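Residue strings, one per chain:
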Amino acid sequence: MIEVKNLHKRFNKLHVLKGIDCRVSAQEVVCVIGPSGSGKSTFLRCINLLEEPTEGEIYIENVKINDPKTNINNIRAEVGMVFQRFNLFPHKTALENITLAPAKVRNVSKQEAERDAHKLLQKVGLTDKANVYPDQLSGGQQQRVAIARALAMKPKVMLFDEPTSALDPEMVGEVLAVMKDLAREGMTMIVVTHEMGFAREVGDRVIFMDEGCILEEGTPEKIFGDPHNDRLKSFLSKIL
Amino acid sequence: MSGGIWGDILDVVIESFPFFLTGASMTIKITVLAVTFGCILGLFLALLRLSKNRLISFLAVCYIDFFRGTPLLVQILIIAFGIPNLLEVGQSYLVKNLGMPQILHNYALPIFVIAVLATTLNSGAYIAEIFRAGVQSIDRGQMEAARSLGLTHAQAMRYIILPQAFKRVVPPLGNEFIAMLKDTSLLSVIGLVELTRSGQLTVGATYKAFPVLLTIAFIYLVMTLAISRLVDYLERRLKTGD
Ligand SMILES: Nc1ncnc2c1ncn2[C@@H]1O[C@H](COP(=O)(O)OP(=O)(O)O)[C@@H](O)[C@H]1O
Ligand SMILES: [Mg+2]
């Protein structure tokens, strides 16, 4: 489904990704863990070309996305992204946040977009918040709307960049619950997270990144139960 | 009416007041046109300036720097006298050397057109910077979220960035309006009868410089205070929807 080959990213002199190789199959849930500054966000952002790879290849369903001939907007429409800080559109209601992209990018009719949006709001447990503006929602509610907004494009993959890191602890659960549902329904997901419980329970595979490299990957049991890499061991001892 | 020095002064001011009001209405007319067209020009320039294409962005910067970095009075004079001069010299060159027929016989534009053109070109430069600052004040995450959904850059600007930026530019646009209202007094040098010129003409006819000019100043003050109250009100209205 997704194949990343020898991905490098440099910001001027700063070498942030140093040759990432990674495959994600359809319906797989991959969790990415690692210390802050290790390049996890940059890796995720390369997959929908919010950052342009400096070197290497990224394929989504065998289409090379970092190719000048590929239409970036078509790719992004197929790849949903959920941000740490939600990034809801503050001048639009929850419903309008969700219907905007289907209407403008996919040319879905207003009624159909709204019907889908109401279904998605139901799915994330916010049926009664359709006409509310983001600033009247709690952090957890905002993040659930953001998930619904990404799902409205019916993406093939969902990317989550620390979706619960900006939340008060009591709201983390409601967002993770929505993500668990998604995983259960077979959504392909790449999740950067510090929620080791989530990685353990939902992840099919866990990737440990440090200083722009993948240092170890494997099943949650193996990564958390029997880590080999020293830096992974010290990372886990700090975080668990 | 009443006699004495104060009576005389009052008579002059009362008598000339309708004339001042015509002047003031010209001042407002020019300002409204300048800022309205300036907004269109400014939006356009701001988008060019923010363009990823270096050349386009550079050309926009040149325009903006020129109009912000030179006096409005000089700009008015260039458009009133410099451009006709250029046209005249240019045409006579073409007629003499290339045998082209003479098309233009009158090189000067109407005063009103000069006034609107000069103030619009100037205001556009200032408003471009206002819009640019407004766009850049919007969190980067907004553009990223929009693009991550598959919207093009233009769609993201139109539906996400600009609507949010417009709210933030209301106060600086209000300031620009007030500044332009005062600066239109410079148009008196080309003979446009706006508020300042109406005062000068009255002074010339009555020799009552102080009371007349004080009245003129007072009319400007009333207009600028009224506009700044209006902007405050708009700003509060918009805040609630933010
Ligand atoms: N747009 C950028 N320009 C310059 N440096 C950046 C940019 N984005 C990220 N970086 C740098 O890249 C490194 C990795 O960042 P990031 O991918 O956000 O790490 P993580 O998500 O693992 O915390 C950091 O040192 C960060 O400062
Ligand atoms: Mg990060």
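Since the structure is predicted, the reported quantities are computational estimates derived from the model, not experimental observations.

## A closer look at the overall build of chain A
Secondary structure assignment for chain A yields nine helices and ten strands. Seen along its three principal axes, the alpha-carbon backbone of chain A occupies a region of about 55 × 45 × 30 Å. A buried classification covers 56% of the 240 residues belonging to chain A. Pairs at least 24 residues apart make up 66% of the contacts formed inside chain A by residues separated by at least 6 positions. A total accessible area of about 10600 Å² is found for chain A, and carbon and sulfur atoms account for 45% of it. Taken together, the 32 basic and 33 acidic charged side chains of chain A have centroids lying 4 Å from each other.

## Describing the UniProt feature "domain: ABC transporter" (unreviewed entry) in chain A
The residues that UniProt annotates with the feature "domain: ABC transporter" (unreviewed entry) are residues 2–236 of chain A. Between the end C-alpha atoms of residues 2–236 of chain A there is a gap of 27 Å, over a span that is 38% helix and 26% strand.

## A short note on the state of the cysteines
Note: disulfide means a covalent bond formed between the sulfur atoms of two cysteine side chains. Here the structure, examined in full by the defined rule, presents zero disulfides over all chains. Unpaired in this structure, Cys22(A) has its nearest cysteine sulfur neighbour in Cys31(A), at a distance of 12 Å.

## Thoughts on the interface of chain B and chain A
Counting residues at the interface gives 19 residues for chain B, matched by 24 residues for chain A. In total, chain B and chain A occlude about 1800 Å² of area from one another, counting both sides; carbon and sulfur atoms represent 57% of this. Of all residues in chain B, the largest losses of buried area upon contact with chain A belong to Ser148(B), Leu149(B) and Tyr159(B), amounting jointly to 31% of the total for that side. Counting the contacts that link chain B with chain A gives two salt bridges. One salt bridge in this structure joins Arg45(A) and Glu144(B), with 2.8 Å as the shortest N-O distance. In this structure, the connection of chain B to chain A is made through seven residue pairs in polar contact (both at pLDDT 80 or more). Of all the secondary structure elements, the ones that give two or more residues to the side of chain B that touches chain A are α5 (140–148) and α6 (153–183) of chain B. Counting residues per element, the side of chain B that touches chain A draws most heavily on α5(B), which supplies eight residues. A breakdown of the residues in the side of chain B that touches chain A according to their chemical character gives seven nonpolar, seven polar and five charged.

The rules behind these values
Residues numbered from 1 in each chain as written. Chains lettered and ligands numbered in written order. Predicted model: local features only at pLDDT ≥ 70, side-chain atom pairs only at ≥ 80, totals over all residues. Heavy atoms only, no water. Helix = DSSP H or I, 4+ residues; strand = E, 2+ residues; numbered from the N terminus. Buried < 20%, exposed > 50% of the residue type's maximum accessible area, 1.4 Å probe, protein only. Contact = heavy atoms within 4.5 Å. Areas by Shrake-Rupley, 256 points an atom, 1.4 Å probe, with all protein chains shown as cover. Lys, Arg positive; Asp, Glu negative; His and termini not counted. Charge placed at Lys NZ, Arg CZ, Asp CG, Glu CD. UniProt positions renumbered as here; feature names shortened; annotations may be inferred. Disulfide = S-S within 2.5 Å. Buried area = accessible area lost by both parts, 1.4 Å probe. Salt bridge = Lys/Arg side-chain N within 4 Å of Asp/Glu carboxyl O. Polar contact = N/O pair within 3.5 Å; in protein donor to acceptor, adjacent residues only side chain to side chain. Nonpolar A, V, L, I, M, F, W, Y, C, P; charged D, E, K, R; others polar.

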